[in-house]
Amino acid sequence: MVVPNVRKMSSRERIGCLSIMPRVPGGRPMRRPSTLSLASALALCAAFAFPLSAQAAACEQELVYGSPAQELPPQLWPQERLNFTDVWQHTRGAGVKVAVVDSGVDTAHPQLRGHVKAFDVTTSGLKDCVGHGTAVAGIIGAADMRDKGIPFVGVAPEAEMVSVKMAVKASGNDSRWAAQAIKKAVDLGARVINISSQSPDLPDLRQAVHYAQQRDVVIVSVAGNLTDRTKQTPQKAYPASYPGVISVGALAQDGTLAGFSNTVTPVTVTAPGQSVISTWPRGSYKLDDGTSLAAPYIAGTAALIRAFNPNLTYQQVKHRIETTADGAQAQGTGSGVVNPLRAVTTVETTTGKAPPPNIHRVSIDQPLPKDTVGRNLALSITAAALATAAIIATAAVVIPHTRHRP
């Protein structure tokens, strides 16, 4: 998909987006390029790592501008591919709180204004310094403004979103912030948490995920991005690789697995992650790639499921998304491409539980109870009639012979 004037970063700009910043003894970061192009790349990365180093929390570079709504194309392929608006006749996610554990959210964006509450664990303030969290929030729950000529919509536009900021830049953030943000989201009442970032397997992160799952929270995270230019050794990404977490790979526009989608991380399902347009700070929009843009399509779907089927556990939500997906294609695709309508409306027949609200099983009418009294009476009447007929027939033969007897 070619979108004029909607800026997409080049492959050159993507260098280093997922790598953990190495450090020399004493905690000082190794020397790295400081060109404006690399600074822009860090600001635009669609998937970003949160390494162990703790650094000052502040916006370190000016955020690039996105494109105005007037330059959006009339059709957006992820929305056409998933058809999640078909679910809206059943639910739009009302009553479900979804946490965006990310770089913050521009809550003043026209499509996000009024239904995103913001919190921060970095002590840097609520501003989205990277733009990444604003993009994720838009995919999950951007308001439907198609009547105003804006074709972009979120998956669950009536879900309540909370932004918990845990990153101040694209890389080099304090690893403790992710765990703190997950726990904060749980304590705020989130029923679904989207974490569009990857990390090593850290004790604090593992404990935070366990804390959420003990409280029946659905966690959606990214399989991660790998490119030849990053020169990374493929390895599992966390929290996506933890048991019970919904791990998301990226679907390309041609229907195949995107070349950058990490196949080493166990994948639950895939969703559009290439050439994806979403909301961006300052009321704008931006085109980008990444498994981090695929994950919020699943988080939005999970919100729709929990709104329509409120009694399902987080394991059952994960199971629904897996079993109703369009079939797997290759390694790294999991159960296939998420199918929001089937995930929401499919009636489970093996759980033994009542169907969800507004879904009614078709009952087969039972035959009327046998009327034994009526049946016996009818048989008696029939038998009497037959007997009477037999007597009359006999009389018709016998009486004439009697009259002619000498």
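Residues numbered from 1 in each chain as written. Predicted model: local features only at pLDDT ≥ 70, side-chain atom pairs only at ≥ 80, totals over all residues. Heavy atoms only, no water.

By the naming in an unreviewed UniProt entry, the protein chain goes by Peptidase S8/S53 domain-containing protein and is assigned to Actinomadura spongiicola. Of the protein chain, the UniProt comment under Sequence similarities (unreviewed entry) reads exactly: "Belongs to the peptidase S8 family." (UniProt positions renumbered as here; feature names shortened; annotations may be inferred.)

Student: For this particular structure, what's the right way to read the packing of aromatic side chains?
Tutor: Geometrically, a pair of aromatic rings is defined through the distance of the ring centres and the angle of the planes. Tallying each qualifying case throughout the model produces three aromatic pairs. Pairing Tyr238 with Tyr242 gives two aromatic rings, centres 4.8 Å apart and planes at 50°, and the pair type is tilted. Across the pair, Tyr242 and Tyr238 agree in class, each one buried. In this arrangement the basic side chain of Lys183 is found over the ring face of Tyr211, its NZ or CZ atom lying 5.9 Å from the centre. (Phe/Tyr/Trp six-rings, centres within 6.5 Å; stacked < 30°, edge-to-face > 60°. Buried < 20%, exposed > 50% of the residue type's maximum accessible area, 1.4 Å probe, protein only. Lys NZ or Arg CZ within 6 Å of the ring centre and 35° of its normal.)

Student: Would you mind going over the pattern of salt bridges with me for this structure?
Tutor: Working definition: two side chains of opposite charge can pair if their charged atoms are close together. The tally for this structure, following the rule as stated, stands at 15 salt bridges. Between Asp201 and Arg206 there is a salt bridge; the shortest N-O distance is 3.2 Å. Using a relative accessible area of 38% as the deciding quantity, one classes Arg206 as partly exposed. A salt bridge links Asp216 to Arg306, with the shortest nitrogen-to-oxygen separation between them at 2.9 Å. A residue pair is termed long-range when its members are at least 10 positions apart, and Asp216 in the loop between helix H5 (203-214) and strand S7 (218-222) and Arg306 in helix H6 (residues 291-308) qualify at 90 residues. With relative accessibility at 21%, the residue Asp216 sits in the partly exposed group. Here the salt bridges share partners, and the residues they tie into one network are Arg81, Asp326 and Arg342. (Salt bridge = Lys/Arg side-chain N within 4 Å of Asp/Glu carboxyl O. Helix = DSSP H or I, 4+ residues; strand = E, 2+ residues; numbered from the N terminus.)

Student: Teacher, can you tell me more about empty space enclosed by the protein here?
Tutor: Take a probe with the size of a water molecule and roll it over the atoms, and the empty space left behind shows itself. Enumeration according to the criterion identifies two cavities of 30 Å³ or more in this entry. Estimated volume of the second largest cavity: approximately 40 Å³. Taken together, Leu251, Gly255, Thr256, Leu257, Thr270, Gly327, Gln329, Thr333, Gly336 and Val337 make up the lining of the second largest cavity. Partitioned by chemical class, the residues of the lining of the second largest cavity number three nonpolar, seven polar and no charged. (1 Å grid on protein atoms, 1.4 Å probe; cavity = no way out; pocket = protein on both sides within 12 Å on 5 of 7 lines; lining within 4 Å. Points joined across faces, edges and corners; volume = space filled by probe spheres on them. Nonpolar A, V, L, I, M, F, W, Y, C, P; charged D, E, K, R; others polar.)

Student: Explain helix H4 (residues 176-187) to me, please; I cannot follow it from the model alone.
Tutor: At 3.6 residues per turn, the α-helix brings residues three or four places apart onto the same side. Compared with an ideal rise of 1.5 Å per residue, which puts 12 residues at 16 Å, H4 spans 17 Å between its outermost C-alpha atoms and is within 8% of the ideal. Within H4 the residues assigned to the buried category are Trp177, Ala178, Ala179, Ala181, Ile182, Ala185 and Val186. As for H4, its buried residues are in contact with strand S2 (97-102), strand S4 (160-165), strand S5 (192-195) and H5. Looking one or two residues past H4, Gly189 carries a phi angle of roughly 95°, positive in sign. (Expected span 1.5 Å × (residues − 1). Contact = heavy atoms within 4.5 Å.)

Student: How should I be thinking about unusual backbone geometry in this particular structure?
Tutor: Here the bond from Tyr238 into Pro239 is cis, since omega is 15°, no more than 30 degrees from zero. Looking at where Pro239 falls in the secondary structure, it is placed in the loop between S7 and strand S8 (246-251). The phi angle at Thr123 is positive, at roughly 65°, despite the residue not being glycine. Checked against the element boundaries, Thr123 lands in the loop between strand S3 (116-120) and helix H3 (132-141). Using a relative accessible area of 75% as the deciding quantity, one classes Thr123 as exposed. Not every positive phi belongs to a glycine, and Arg282 is a case in point at roughly 70°. Along the chain, Arg282 turns up in the loop between strand S10 (276-280) and strand S11 (284-288). Judged by its relative accessible area of 37%, Arg282 falls in the partly exposed class.

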